[in-house]
Amino acid sequence: TDFELVIPNTTTFTNVCFWYIPRFYRKREYTKQQKCVVHKLLYQRMKQNGHCMIEQQPLPELDLPNFFRLALGADRTRQDDMDYILNEIRRLGHDIITEDEEVLRVISERKKRKRWPVKKYRLKLYHEDEGLKRLRMYHSNSIKHEIRRVRGRRATCALCSVDGAQCRKTIFQCSICEVNLCVKNLFGESAAAENHFTKWHKQMDLKKMH
């Protein structure tokens, strides 16, 4: 099934509270965190491309993650109306996948447009493009930003100054972002200071840091 009542086998009168279960999670574990992500995303899709709006919210006092709460108050509500609402949720949520796959989709979409890896305006794009920024900041058991040594010519570190004074080239890059980054501190910096590889994946505002 693709829907689950929050409180099954209980009469809720005009308030119907339920979770939507995307196709991806029907044969997999569907955790509380994933339910939060799915229902927040569905709500955003309703606002952007939906034909109806249903409130979604958690219930912390009962340790319940985000769910849809449908309040039925019109005496003209019919079965067809309910079918329409459920089908609308299915339409908006059928392609929801794991967060890992959603993040990596940024790479596959850019590959289709032959814009991967990012070679120009790296700092600007990884700072302003929401998909690339999410990719840069995202960490999980499956997606690990690791230092990779690349063969061939050195490339300019994406975070080194563009004025030439501190511009350095390096043979190291991020295994996920595929952007060259220094792994040693700049001359004069404290040994405890974070290198450019670490800063790239931790700082939200790259331009301010740069």
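Everything below is about the structure shown above.
Keep in mind it's a predicted model, so treat the numbers as computed, not measured.

1. Describing the sheet that holds strand E1 (residues 3-5)
Phase 1: Read across the sheet, 4 strands follow the order E1-E2-E4-E3 without closing on themselves; strand pairing throughout is antiparallel. Only two strands of the sheet have a single neighbouring strand rather than two, namely E1 and strand E3 (55-59). Averaged over all pairs of adjacent strands, the angle between strand axes in this sheet comes to 45°, irrespective of strand direction.
Phase 2: Here E3 pairs with strand E4 (residues 64-71) via 4 bridges, running antiparallel. Bridge pairing in E4 places leucine 59 opposite leucine 64.
Phase 3: Taken strand by strand, helix H1 (residues 32-49) contacts E1, strand E2 (15-20), E3 and E4, and its axis lies near 40° from that of E4.

2. Describing helix H5 (residues 130-137)
Phase 1: Burial in H5 covers these residues: Leu132, Lys133, Leu135 and Arg136. Buried residues in H5, looked at end-on, bunch into an arc of 160°, giving them a common side.
Phase 2: With a side-chain oxygen lying 3.0 Å from the backbone nitrogen of glycine 131, the N-terminal cap of H5 falls on aspartate 129.

3. Details of the packing of aromatic side chains
Phase 1: Scanning the model with the defined rule gives 6 aromatic pairs in all.
Phase 2: On the numbers, 5.7 Å between centres and 45° between planes, the contact of phenylalanine 18 with phenylalanine 68 is tilted. In this pair, phenylalanine 18 is assigned in strand E2 and phenylalanine 68 in strand E4, connecting sequence segments 50 residues apart. Comparing phenylalanine 18 with phenylalanine 68, the two get one shared label, buried.
Phase 3: The rings of Phe3, Phe18, Tyr20 and Phe68 are connected pair by pair, giving a single aromatic cluster.
Phase 4: The lysine or arginine in question, lysine 35, covers the ring of tryptophan 19, its NZ or CZ lying 3.8 Å from the ring centre.

So, how was this worked out
Residues numbered from 1 in each chain as written. Predicted model: local features only at pLDDT ≥ 70, side-chain atom pairs only at ≥ 80, totals over all residues. Heavy atoms only, no water. Pairing = 2+ DSSP bridges. Helix = DSSP H or I, 4+ residues; strand = E, 2+ residues; numbered from the N terminus. Axes fitted to C-alpha atoms, helices over the stretch in contact; angles between N-to-C directions. Contact = heavy atoms within 4.5 Å. Buried < 20%, exposed > 50% of the residue type's maximum accessible area, 1.4 Å probe, protein only. Arc of directions from axis to C-beta. Polar contact = N/O pair within 3.5 Å; in protein donor to acceptor, adjacent residues only side chain to side chain. Phe/Tyr/Trp six-rings, centres within 6.5 Å; stacked < 30°, edge-to-face > 60°. Lys NZ or Arg CZ within 6 Å of the ring centre and 35° of its normal.

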